[in-house]
Amino acid sequence: QASYPLPTGEEPVLSLSKDQGEGVGLRISEIMWAGSPVSNADEWIELVAVGDMDVSGWRIAALGNSGEETMVTFPAGVLVEQGQLVLVSNYGAEKSVLAIAPDIVTTAVSLSNSALLLRLYDASGSVIDEVGDGSKPYAGSTGDMRASMERRDLLVSGTDQANWGAAETSVNVDSGSLVLATP
């Protein structure tokens, strides 16, 4: 387990594999911004590696009340492989509808239901991926049956609203939960 600084001063749980590799990109692939019947704060972000790469020092930032705020920074030595999913969640599986353990658990994950904008930065500060435009999320739903927002094509811009849709099935969430998501 590794700890690293967060804006809130907490130490999240980290369990990413640390395999060798170098690569070409990481993309935000799914966002559960609506929470779950367990809690409105039961939110997560899924990323997928589109190549082998070192993500040391990379960070995810979101639009917050006082502008852009860093939610998580990857520590030194974290490498991901082509196709590997990275799940960053507000809660661990024991307090969530997630049926799998997230790779990173931090209460810094807080996603707006009305003004969604996420950015993924590499260690040099370059924007690698961006989702949303600061207005209402492109897809997903709240209410009795909640649905995550899923990216349709990893190679199409995350700011293209047509490239996102609401989840239509449930995978890796607790059986019987009123959640459509595929983390």
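Preceding this section is the structure that the text describes.
Note that the structure is predicted; figures quoted are calculated from it, not measured. (Residues numbered from 1 in each chain as written. Predicted model: local features only at pLDDT ≥ 70, side-chain atom pairs only at ≥ 80, totals over all residues. Heavy atoms only, no water.)

Asks: Account for the pairing of strand 11 (residues 127-132), naming residues and giving values.
Replies: One ladder, built from 5 bridges, connects strand 10 (residues 117-121) with strand 11; its direction is antiparallel. Each residue of the ladder has a partner; that of Tyr 121, found in strand 11, is Val 127. The hairpin formed by strand 10 and strand 11 contains 5 residues between the paired strands, and Gly 125 there has a positive phi angle of roughly 95 degrees. (Pairing = 2+ DSSP bridges. Helix = DSSP H or I, 4+ residues; strand = E, 2+ residues; numbered from the N terminus.)

Asks: Break down the environment of Gly 83 for me, citing the residues and quoting the values.
Replies: Relative to the helices and strands, Gly 83 resides in the loop between strand 7 (79-80) and strand 8 (85-89). The partly exposed category is assigned to Gly 83, whose relative accessible area is 44%. Discounting residues that sit within four places of it in the chain, Gly 83 has contacts with Val 48 and Ala 49. (Buried < 20%, exposed > 50% of the residue type's maximum accessible area, 1.4 Å probe, protein only. Contact = heavy atoms within 4.5 Å.)

Asks: I'd like a description of the nonpolar core, backed by residues and values.
Replies: Soluble, globular proteins show a tendency: their nonpolar side chains are buried together. Membership of the largest hydrophobic core comes to 31 residues, with the highest contact counts inside it found for Leu 26, Ile 28, Ile 31, Leu 47, Leu 111, Leu 118 and Met 149. Elements with a contribution of two residues or more to this core: strand 2 (26-32), strand 3 (44-49), strand 5 (59-64), strand 6 (67-73), strand 8 and strand 10. Ignoring anything within four residues of it in the chain, the contact list for Ile 31 reads Trp 44, Leu 111, Leu 116, Leu 118, Val 131, Ser 148, Met 149 and Trp 164. The next biggest cluster of nonpolar side chains, apart from the first, holds 8 residues, and it includes Trp 44, Val 97, Val 173 and Ala 181. (Core = buried A, V, L, I, M, F, W, Y, C linked by side-chain atoms within 4.5 Å.)

Asks: How would you explain unusual backbone geometry if you had to name every residue and give the values?
Replies: Phi at Asn 172 takes a positive value of approximately 65 degrees, unusual for a residue other than glycine. With respect to the element layout, Asn 172 can be found in the loop between strand 14 (164-166) and strand 15 (179-180).

Asks: Help me get a handle on the pattern of salt bridges, residues and values and all.
Replies: Scanning the model with the defined rule gives 4 salt bridges in all. Glu 130 serves as the salt-bridge partner of Arg 119, at 3.2 Å between the closest nitrogen and oxygen. Linking Arg 119 in strand 10 with Glu 130 in strand 11, this pair joins segments that are 11 residues apart in sequence. One salt bridge connects Arg 151 with Asp 129, and the closest N-O pair in it is separated by 2.6 Å. Of this pair, Arg 151 sits in strand 13 (residues 149-151) while Asp 129 sits in strand 11, and the two are 22 residues apart along the sequence. Within the structure, one salt-bridge network assembled from shared partners comprises Glu 68, Arg 119 and Glu 130. (Salt bridge = Lys/Arg side-chain N within 4 Å of Asp/Glu carboxyl O.)

Asks: Just give me the short version of the sheet that holds strand 11, but keep the residues and values in it.
Replies: Ordered in space as 6-5-10-11, the 4 strands form an open sheet in which the pairing is antiparallel. A strand with exactly one partner marks an edge of an open sheet, and here the two such strands are strand 6 and strand 11. On average, adjacent strands in this sheet sit at an angle of 20 degrees to one another, irrespective of strand direction. (Axes fitted to C-alpha atoms, helices over the stretch in contact; angles between N-to-C directions.)

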